[in-house]
2 protein chains.
Amino acid sequence: MTIITIDQLKNHEGATSVRKRKNVSIKKLCNEKTLKKRVPILEWLPKYNLVFFLQDIIAGVTVALTAIPQGIAYAVIAGLPPEYGLYGSLADGFVYLIFGSSKDITVGPTAVLSSLVAKYTGYSKDFAVLSAFLSGIVILLMGIFHLGFLVNFISTPVINGFTTAAALQIAAAQLKAFFGLQGSSGLFFAESITNFVNNIKTAKLWDPILAILTVIMLCLLKRLGKGCSRTDGCSKQLRWFISMGRNAVVVIFGMFVAYILKITTNSEPLKLIRDIGSGLPTVGPPPFSSTSGNTTYSFTDMLEVFGPKSLVLPLVAILESVAIAKAFAVGGRVDATQEMIAVGLCNIVGSFFKSMPVTGSFTRTALNNASGVQTPAGSIWKSLIIVAALSFLTSTFYYIPNASLAGLIITAMYNMVDYEIFGRFWRNSKLELMVMLVTMSVSLFLGLEYGVVAGVAFECVILLYGASKPKVVVNTVKCDRSDVINLILGNSLSYCAAEHVRKAILKATEYAVPDSVLVIDGSNLQRMDSTVASNIMHLIKDFDKTSRKVVFLNFKQRLMKMCIDIYPKAENKFVYSTKPVDLVELLIKTS
Amino acid sequence: MTIITIDQLKNHEGATSVRKRKNVSIKKLCNEKTLKKRVPILEWLPKYNLVFFLQDIIAGVTVALTAIPQGIAYAVIAGLPPEYGLYGSLADGFVYLIFGSSKDITVGPTAVLSSLVAKYTGYSKDFAVLSAFLSGIVILLMGIFHLGFLVNFISTPVINGFTTAAALQIAAAQLKAFFGLQGSSGLFFAESITNFVNNIKTAKLWDPILAILTVIMLCLLKRLGKGCSRTDGCSKQLRWFISMGRNAVVVIFGMFVAYILKITTNSEPLKLIRDIGSGLPTVGPPPFSSTSGNTTYSFTDMLEVFGPKSLVLPLVAILESVAIAKAFAVGGRVDATQEMIAVGLCNIVGSFFKSMPVTGSFTRTALNNASGVQTPAGSIWKSLIIVAALSFLTSTFYYIPNASLAGLIITAMYNMVDYEIFGRFWRNSKLELMVMLVTMSVSLFLGLEYGVVAGVAFECVILLYGASKPKVVVNTVKCDRSDVINLILGNSLSYCAAEHVRKAILKATEYAVPDSVLVIDGSNLQRMDSTVASNIMHLIKDFDKTSRKVVFLNFKQRLMKMCIDIYPKAENKFVYSTKPVDLVELLIKTS
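An unreviewed UniProt entry lists chain A under the name STAS domain-containing protein, from Chilo suppressalis. According to the UniProt record, the Subcellular location (unreviewed entry) comment for chain A reads "Membrane".

With that settled, the discussion passes to the overall build of chain A. Within chain A, the regular secondary structure consists of 26 helices and 12 strands. Taking 2.2 N^0.38 as the reference for a compact globule, 591 residues should give roughly 25 Å; the C-alpha atoms of chain A span a radius of gyration of 31 Å, well beyond that estimate. Burial status across chain A gives 48% buried among its 591 residues. The contacts in chain A between residues at least 6 apart in sequence include a share of 79% that link residues at least 24 apart.

Our focus in this paragraph is the nonpolar core. In a soluble, globular protein the nonpolar side chains are often hidden away together inside. I77, A128 and C346 of chain B are the most contacted members of the largest nonpolar core, which totals 127 residues. Top contributing element to this core by residue count: helix α9 (residues 156-179) of chain B, with 13 residues. Setting aside its immediate chain neighbours within four residues, C346 of chain B contacts A91, D92, V95, Y96, V107 and V358 of chain B. Core analysis: the next-biggest nonpolar cluster, separate from the first, contains 125 residues, A73, V107, V343 and I385 of chain A among them.

For chain A, the assigned domains read domain 1 (47-443) and domain 2 (473-590). Each of domain 1 of chain A and domain 2 of chain A has a C-alpha centre, and these two points are 59 Å apart.

This brings us to helix α24 (residues 530-545) of chain B. Residues and elements named next belong to chain B. For α24, spanning 16 residues, the distance from its first C-alpha to its last is 23 Å, which sits close to the expected 22 Å at 1.5 Å a residue. Here α24 has its buried residues at S530, T531, V532, A533, S534, N535, I536, M537, L539 and I540. Two residues or fewer past α24, S547 is found with a positive phi of approximately 55 degrees.

To continue, consider the pairing of strand β9 (residues 517-521) of chain A. All names here are of chain A. Of all 5 residues in β9, 5 are buried, a share of seventy percent or more. The two faces of β9 match: V517, V519 and D521 on one face and L518 and I520 on the other face are all buried. Two strands pair when backbone bridges link them, and β9 and strand β11 (residues 549-553) are joined in this way by 5 bridges, in the parallel orientation. Bridge pairing in β11 links L518 to V550.

Take the UniProt feature "transmembrane region" (unreviewed entry) in chain A next. All names here are of chain A. This chain's UniProt record puts "transmembrane region" (unreviewed entry) on residues 127-154, 205-221, 241-261, 311-329, 341-360, 380-400 and 433-466. The span residues 205-221 shows a helical share of 94% and a strand share of 0%, and its end C-alpha atoms are spaced 25 Å apart. In residues 433-466, the share of helix is 97% and the share of strand is 0%. The end C-alpha atoms are 17 Å apart.

Right, let's get into the environment of S310 of chain A. Position of S310 of chain A relative to the elements: it lies in the loop between α14 (299-306) and α15 (312-328). Counting along the chain gives 219 residues from S310 of chain A to D529 of chain A, while the straight-line C-alpha distance between them is 35 Å.

This part is about the UniProt feature "domain: STAS" (unreviewed entry) in chain A. Per the UniProt record, "domain: STAS" (unreviewed entry) is annotated on residues 489-562 of chain A. The straight-line gap between the two end C-alpha atoms of residues 489-562 of chain A is 16 Å; of that span, 47% is helix and 19% is strand.

Our next topic: the confidence of the model for chain A. It should be kept in mind that the predicted coordinates are not to be read in detail where pLDDT is low. Of all residues in chain A, 92% attain a pLDDT of 70 or more, and the chain-wide mean is 86. In the predicted complex, the global pTM is 0.76; the interface-specific ipTM is 0.75.

All names here are of chain A. One non-glycine residue, H146, lies in positive phi territory at about 55 degrees. Notably, R274 is not glycine yet its phi reads approximately 60 degrees, a positive angle. Counting through the fold element by element, R274 comes out in the loop between α13 (246-265) and β3 (290-292). Classification of R274 as exposed rests on a count of 12 C-beta atoms within 10 Å.

Looking at the element boundaries, E32 of chain A is found in helix α2 (residues 23-38). Measuring from C-alpha to C-alpha, the distance between E32 of chain A and T291 of chain A comes to 47 Å, with 259 residues separating the pair along the chain.

Before going further, it helps to examine the pairing of strand β9 (residues 517-521) of chain B. Bridge count between strand β7 (residues 484-488) of chain B and β9 of chain B: 5 bridges; the pairing is parallel. Residue L487 of chain B lies in a different strand from β9 of chain B, and its bridge partner there is I520 of chain B.

All names here are of chain A. Across the interface, helix α7 (residues 111-121) lies against helix α8 (residues 126-144) with an axial gap of 8 Å and an inter-helix angle of 130 degrees. Relative to α8, the element α7 lies oblique. Here α7 runs over α8; the crossing is right-handed. Across the interface between the two elements, V117, Y120 and T121 of α7 pack against F127, A128 and S131 of α8. Its residues assigned to classes, the contact of α7 with α8 shows 4 nonpolar, 2 polar and no charged.

Residues and elements named next belong to chain B. Running from N to C, α9 and helix α21 (residues 430-446) cross one another at 35 degrees; their axes reach a closest spacing of 8 Å. Read as a crossing pair, α9 and α21 show a hand that is right-handed. Together, P157, V158, N160, G161, F162, T164, A165, L168 and Q169 of α9 and E432, V435, M436, L437, T439, M440, S443 and L444 of α21 make up the contact between the two elements. Split into classes, the residues belonging to the contact of α9 with α21 amount to 10 nonpolar, 6 polar and 1 charged.

Turning our eyes to something else, we now look at the environment of G161 of chain A. One can find G161 of chain A in helix α9 (residues 156-179). Linking G161 of chain A and I200 of chain A, residues 39 residues apart in sequence, is a C-alpha distance of 29 Å.

Rules used throughout
- Residues numbered from 1 in each chain as written.
- Chains lettered and ligands numbered in written order.
- Predicted model: local features only at pLDDT ≥ 70, side-chain atom pairs only at ≥ 80, totals over all residues.
- UniProt positions renumbered as here; feature names shortened; annotations may be inferred.
- Helix = DSSP H or I, 4+ residues; strand = E, 2+ residues; numbered from the N terminus.
- Rg over C-alpha atoms; globule rule 2.2 N^0.38 Å.
- Buried ≥ 20, exposed ≤ 12 C-beta atoms within 10 Å, placed from the backbone.
- Contact = placed C-beta atoms within 7 Å.
- Core = buried A, V, L, I, M, F, W, Y, C linked by C-beta atoms within 7 Å.
- Domains from an automatic or database assignment.
- Expected span 1.5 Å × (residues − 1).
- Pairing = 2+ DSSP bridges.
- pLDDT = per-residue confidence, 0-100.
- Axes fitted to C-alpha atoms, helices over the stretch in contact; angles between N-to-C directions.
- Parallel < 35°, antiparallel > 145°, perpendicular 65-115°, else oblique.
- Left-handed = near helix turned anticlockwise from the far one by under 90°.
- Nonpolar A, V, L, I, M, F, W, Y, C, P; charged D, E, K, R; others polar.

Set out below in structure tokens:
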């Protein structure tokens, strides 16, 4: 039985054979490999075949059936004209086709991003397009500079608190459309709820009926598809397809109801989205200035409106896309850098087509996967169908009732919240539950961006507190000649632990007999900063006055140097022993 | 040889005997002990004697000789009338006498606090008095709620960066008085330097001469006292006393020069501090509103002017007083809580006597100690002499030249900086040097308060980064039947380490033969949060699909529960072994 480290194993298995090749061919290989990694289409396109082609078309069409109603709904959340939600899914199909590393991921507008954009669209819709461009640049740069690790500093409780708050806020904003109320809704949760309560008496008859029907239909259709898959027999396949396209089904149903009501009553009892910009967007650079009413915003004005807190937008985009990439990665390996480059480019290119900010969408990605997509080429079919919809169907979209969209959005938000996690945190980790509730409350009452910041700050405080109380093990060994107090330090001591270590040493020596020897064991100590070192050495200085014997055992050279630099007289106190701590021998040596 | 823990030792040695006494007397004992701890005068006053009395008087007088010129100088730094610096040392003598726990500590205005107050005195001098009151309340509350540990989160590099920046800023502000320039000086370093350069041509003749003489005299007098002490023979004792009173000596010399110049030239070639408020301050509650020119500030206006960033003031007061208490504590034991209560009360009571914010002063405390003070009663003599000075000497103070004070302050600031620490950080810890330089730069160019915040934030980032890369040891044990990959986790895993752990597991299994067993050893693991747990369990879910065998070894019950809650199927993977990890046995068990 031999023990070898993983690095030895790696060298052993494959690296030696590669090394023997010529340097030139290694370089060539690397370049080709890097190119294929950064432009994944080069990898999969040569292997493309007819079966892939057919399966990608089927998946693309299925996804488009969801992307269209969702896109329109998310444009409504963002406070934009409905067609902007469709513009958001145009360029992605082509950009992700080339740069996307995952066959399943579908890029497009998402509910959370739309809700973050909403507060800027009040100024002018140009802000949404510019935010896509700027977010794209931030995401791309973070990808290029490998800064994706930054999202690791956002913990599960913070993400869940944020998501739950976003869901509540988005759902609350839809209450107005759900009940067909008059007045405005509001950007914030409290505002939406207040407006809802104030205007509840203006509720219409048909809007809430249709909205409730939408919710019920969505639940039933979801259940209809249970246990079915696209590879089952004919009837099950149909059930699966209807279930997967349920978003389209309920919106088409809503349009049908609206149309019938219009014909029969000769009026429009339901609130409809009405005129929707027809055709493809005009292509051009994103708007670097904007005019709204009498106000003109220069580029710097627009940047000022965004402010530093809008950096949460690209951060959330990365968070969503990387999380989805992880969920759908085979074997758990994710190239976060490539994912960020792809999403960054989708936003930048998209902004030339009037796109709102986009990122990986969980529901559509899952649908894409379930539809048996084989390559990122699936997304191109989605985009082509949306082009067709924009060209030919906008007059039909006139009849989409706002109540249907509200029902759709509220159902989606209900499904976005992870209810189990509340119980799981309650059972296992009350502190994390608190982090989540703080994030959630701040998100709801001060704004989503501040929620993330508050959550991360809270986590920092917890981490600092933990680092300030490192484990210090104290054993007293009773010997014939005198006692040995053995104080074992952990592997990392940062400045906030300085006081704790100082107190631990004082406590350990407080009750000891005067001639006992204090052994400070640094065998495990890897990191120590100068605050800790200076605290310990000042104590040793005091001990020297009272002639208490102190020995530093097995401190790393680097750490010893740091200590001696503070108190040079301590040099002869540092001893090394390769044998397992032989305390008695040490004791004899020092007394 | 028996090994016993420190807690056992403690119980063994004294606790048992105490426990046998009646409960009532324990309670009584505790109350009396607590009272003496919180009102330390009850402890030392009964033991007071004539020798103590005489030594306390001598120390008190010596300290007063420094406290008067320093007090006036610090009032100048704070932009207040000179008498405010003396008001600041009045109440402290009496309050610290009762509540102070250290015989050496002398409370009064300090350079750093004065510099922090300076930006508010521009509004009106009432702001300085109110800031003393409010700071006192914050310090007292932090003492009562045992929040003193918060200063542990400010590291040595941050403190040094802050102190160096404060010294530079205070010294730069004195350049105007040093050279007798016209125009204003400025609150910030850059402002002071710019004004200095712009006005350098207005430099007077006598001011810089006197200022330079002051600096030279201070250096020579400091050297004069070297090797002497108050217990030496007569001539050495005199040298020691003159050296210790050097601040008073140079100011008296300056006054003498100013007086001579006035008589001989019949004009005032030196800039003098001139009229100084005579007598004791009127006693009354601190100003909760203030009028300056045509502007009236209500209490809320004043609070708004202070803003949250002025919380740095009480924090710095605590930092200074606790650091000094530590430096002068016998055996290193410091009752930080009592120190904070005493300093808090000094500020609150002081604000009724028009005091500016006060805290422990390093120079005067060292002087007090060197002068052989025996009890906190020394401070009362200091206060009495300041009362006398305010009553009888203010007309003499008219002649104190600003240049003398500038020389005094600049010399003090030169001595405040720890020059060695730059080299020590450079040699041992470049990262800490960076923290210090960042704190220093932000302090100098954006303001002292922001420097502390920036430094602490930087330390947080370093700590987070460290926590995100915990050590994970991987050993591969080659056995006959199959390999065992042994992955040993450290003792604390926080959410930011989740990705690192995930990657470590993936890397460890990547090159392993497919039927090898992965053993995740949690024997050392004390803390793990749900982000880490869910990351690991999702990976295990993936492994289950590929039928890779995984075993969790010696996870604490609590952590196991957390994992199973996320992925219940993993329950049978958790095994325990009290023997030293017997990998082969485990392997046989699981294959």
